[in-house]
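Chain residues, written in single-letter form:
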Amino acid sequence: MASVSPTPVLKDELDIVIPTIRNLDFLEMWRPFFQPYHLIIVQDGDPSKTIKVPDGFDYELYNRNDINRILGPKASCISFKDSACRCFGYMVSKKKYIFTIDDDCFVAKDPSGKEINALEQHIKNLLSPSTPFFFNTLYDPYQEGADFVRGYPFSLREGVPTAVSHGLWLNIPDYDAPTQLVKPLERNTRYVDAIMTVPKGTLFPMCGMNLAFNRELIGPAMYFGLMGDGQPIGRYDDMWAGWCTKVICDHLGLGVKTGLPYIWHSKASNPFVNLKKEYKGIYWQEELIPFFQSVALPKDCATVQKCYLELSKQVKAKLGKVDDYFNKLADAMVTWIEAWDELNPSNASAEVANGPKK
């Protein structure tokens with residue numbers, strides 16, 4: 001008798017969000033892992049182009065015309081001609097969890113040759129606690145075969161809810177343009193079997209091509225900014241979202257994990273095109289990072305939305321002088337929250353159960 005496959009974990013509670021400008025043939029290799037789940041495809045670029053999706057997937061597809069129709073004037077906060085448009089998918093989702101992946105990310109293999117179910121590992125990461133207040137030298141203590149080491153305070157062993165699971169990449173590493181230019185042939189072949197919580201007070205570069213998060217806990221902070229068409233910067237969409245998200249997670253006592261799962265990043269983007277997109281960000285970030293390191297959110301900011309609106313005020317006050325772009329970005333952050341709350345009225349005032357941790 002054929003074995004009955006078990007119901008996939010969180011089948012009805014998770015959306016897979018994919019930004020794209022091309023046919024989604026890459027889904028064929030992900031079929032065994034993705035087919036049971038609902039996909040939200042955000043088509044960038046020319047809305048008159050037809051994107052082909054392999055048969056058998058349950059999906060909805062939004063192009064620029066749909067974004068304009070659904071958000072009206074607020075559509076100005078969603079980037080065009082940049083993968084930052086993916087965050088529209090986070091906003092229209094009605095699920096508790098989001099997994100987002102780029103269309104040049106293929107199924108990776110672990111050192112034993114077994115195909116890695118990246119989505120399953122992200123779900124494990126999100127459903128187990130994080131430990132941001134005290135570092136465990138055996139990495140994630142909730143992983144099978146690991147635990148809290150001697151000297152780890154018992155009072156902190158319950159951990160905190162995990163809001164973000166940040167996965168990594170084999171083959172093409174996620175490098176900036178200058179690093180790509182000096183190391184054009186470098187490939188990541190190191191599979192490190194580890195997951196760790198990013199400590200409280202520590203920022204990290206969040207890559208959006210293999211990322212999962214708890215939308216109910218942190219969704220409104222996952223805004224990928226103003227990038228691409230008409231903007232002076234690109235390739236900092238996920239970085240911006242990561243810095244904002246991490247500051248808010250620290251304030252609300254939520255956790256961020258990084259490490260497993262790996263995907264296979266199949267192709268390197270053009271370093272000269274990337275340099276053109278990134279060059280302002282490369283020197284702006286020397287001011288952005290100290291800003292995020294020193295940001296303080298008031299105690300009465302007990303929801304992600306309140307935190308995010310407060311952050312937008314501080315962006316305008318402190319980064320507006322770096323470049324006028326940050327005034328536009330601060331306004332777009334407010335528009336994003338307004339649009340989020342319109343589409344997600346029940347989530348508008350949800351306070352995180354454990355409240356701000358200071």
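In this text, all values refer to a predicted model and were calculated from it rather than measured experimentally.

## Here's the deal with the overall build of the protein
Next up, step 1: The secondary structure content of the protein amounts to ten helices and nine strands.
Next up, step 2: In summary, the protein has a C-alpha radius of gyration of 20 Å against a globular reference of 21 Å for 358 residues, a match within 12%.
Next up, step 3: Along the longest, intermediate and shortest principal axes, the C-alpha atoms of the protein span 60 × 55 × 50 Å.
Next up, step 4: Buried residues in the protein amount to 53% of all 358 residues.
Next up, step 5: Counting contacts in the protein only where the partners sit at least 6 residues apart, residues at least 24 apart contribute 75% of the total.
Next up, step 6: Accessible area of the protein: about 16200 Å², with a carbon and sulfur share of 54%.

## Quick look at helix α4 (residues 118–127)
Next up, step 1: Counting buried positions along α4 gives seven out of ten residues, so the element sits mostly inside the fold.
Next up, step 2: Among all positions of α4, only A118, L119, Q121, H122, I123, N125 and L126 are buried.

## A short note on the state of the cysteines
Next up, step 1: This structure, assessed with the given rule, holds zero disulfides.
Next up, step 2: The thiol of C87 is not disulfide-bonded; the next cysteine sulfur, from C77, is found 6.9 Å away.
Next up, step 3: Free cysteine C244: the closest other cysteine sulfur is in C307, separated by 11 Å.
Next up, step 4: We classify C244 as buried; its relative accessible area is 0%.

## Overview of the environment of G45
Next up, step 1: If you trace the backbone, G45 turns up in the loop between β2 (38–43) and β3 (58–62).
Next up, step 2: The class for G45 is buried, based on a relative accessible area of 12%.
Next up, step 3: Between the C-alpha atoms of G45 and K81, which are 36 residues apart in sequence, the distance is 5.2 Å.
Next up, step 4: Leaving out residues up to four positions away in the same chain, G45 has contacts with I21 and F80.

## Side note on the UniProt feature "site: Required for activity" (unreviewed entry) in the protein
Next up, step 1: When the UniProt feature table is mapped onto this chain, "site: Required for activity" (unreviewed entry) is found at R150 and R157.
Next up, step 2: On the secondary structure map, R150 appears in the loop between α4 and β6 (162–171).
Next up, step 3: Relative accessible area serves as the criterion here: at 83%, R150 is assigned to the exposed category.
Next up, step 4: By the secondary structure assignment, R157 is in the loop between α4 and β6.

## Looking at the pairing of strand β1 (residues 14–20)
Next up, step 1: Burial of β1 is extensive: seven of the seven residues sit out of reach of the surface.
Next up, step 2: Direction of pairing for β1 relative to strand β4 (residues 97–101): parallel, over a ladder of four bridges. Following the sheet pairing, D15 is matched in β4 by I98.
Next up, step 3: Where β1 and β2 come together, six bridges link them in parallel fashion. Residue I18 lies in a different strand from β2, and its bridge partner there is I41.
Next up, step 4: After leaving β1, the chain enters helix α1 (residues 27–34) and then returns to the sheet as β2, a path that is right-handed.

## Regarding the pairing of β2
A regular strand carries its side chains on alternate faces of the sheet.
Next up, step 1: By the criterion of burial, β2 is predominantly enclosed, with six of the six residues buried.
Next up, step 2: Side-chain alternation along β2 places H38, I40 and V42 on one buried face and L39, I41 and Q43 on a second face that is also buried.
Next up, step 3: For β2 and β3, the ladder comprises five bridges, and the chain directions are parallel. Across the sheet, residue V42 finds its bridge partner in β3, namely Y62.

## Looking at the nonpolar core
Next up, step 1: Grouped together as the largest cluster of nonpolar side chains are 68 residues, with contacts concentrated most on I218, Y223, W240, I248, Y308 and W336.
Next up, step 2: It is helix α10 (residues 325–343) that contributes the most residues to this core, ten residues altogether.
Next up, step 3: Aside from chain neighbours lying at most four places away, what touches Y308 is P220, A221, Y223, W240, C244, I248, M333, W336 and I337.
Next up, step 4: The next biggest cluster of nonpolar side chains, apart from the first, holds 30 residues, and it includes I18, L27, F34 and I51.

## Quick notes on the packing of helix α9 (residues 304–319) against α10
Next up, step 1: Packing of α9 against α10 leaves a shortest axis separation of 8 Å and a crossing angle of 165°. As summarised for this structure, α9 and α10 are arranged roughly antiparallel, according to the angle between their axes. Crossing hand, α9 versus α10: left-handed. Touching Q305, Y308, L309, L311, S312, V315, K316 and L319 of α9 are F326, N327, A330, D331, M333, V334, W336, I337, W340 and D341, all from α10.
Next up, step 2: Of the residues contributing to the contact of α9 with α10, the split by class is twelve nonpolar, three polar and three charged.

## Observations regarding the packing of helix α7 (residues 237–252) against α9
Next up, step 1: Look at α7 against α9: their axes get within 11 Å of each other, and the N-to-C directions meet at 125°. Here α7 is positioned oblique relative to α9, judged by the angle of their axes. Seen along the crossing, α7 lies across α9 with a hand that is right-handed. Contact with α7, carried on its side by W240, C244, I248, H251 and L252, involves V304, C307, Y308, L311, V315 and L319 of α9 and no other residues of that element.
Next up, step 2: In the contact of α7 with α9, the residues fall into ten nonpolar, one polar and no charged.

How each quantity is defined
Residues numbered from 1 in each chain as written. Predicted model: local features only at pLDDT ≥ 70, side-chain atom pairs only at ≥ 80, totals over all residues. Heavy atoms only, no water. Helix = DSSP H or I, 4+ residues; strand = E, 2+ residues; numbered from the N terminus. Rg over C-alpha atoms; globule rule 2.2 N^0.38 Å. Buried < 20%, exposed > 50% of the residue type's maximum accessible area, 1.4 Å probe, protein only. Contact = heavy atoms within 4.5 Å. Areas by Shrake-Rupley, 256 points an atom, 1.4 Å probe, with all protein chains shown as cover. Disulfide = S-S within 2.5 Å. UniProt positions renumbered as here; feature names shortened; annotations may be inferred. Pairing = 2+ DSSP bridges. Right-handed = clockwise from strand over helix to strand, strands pointing away. Core = buried A, V, L, I, M, F, W, Y, C linked by side-chain atoms within 4.5 Å. Axes fitted to C-alpha atoms, helices over the stretch in contact; angles between N-to-C directions. Parallel < 35°, antiparallel > 145°, perpendicular 65-115°, else oblique. Left-handed = near helix turned anticlockwise from the far one by under 90°. Nonpolar A, V, L, I, M, F, W, Y, C, P; charged D, E, K, R; others polar.

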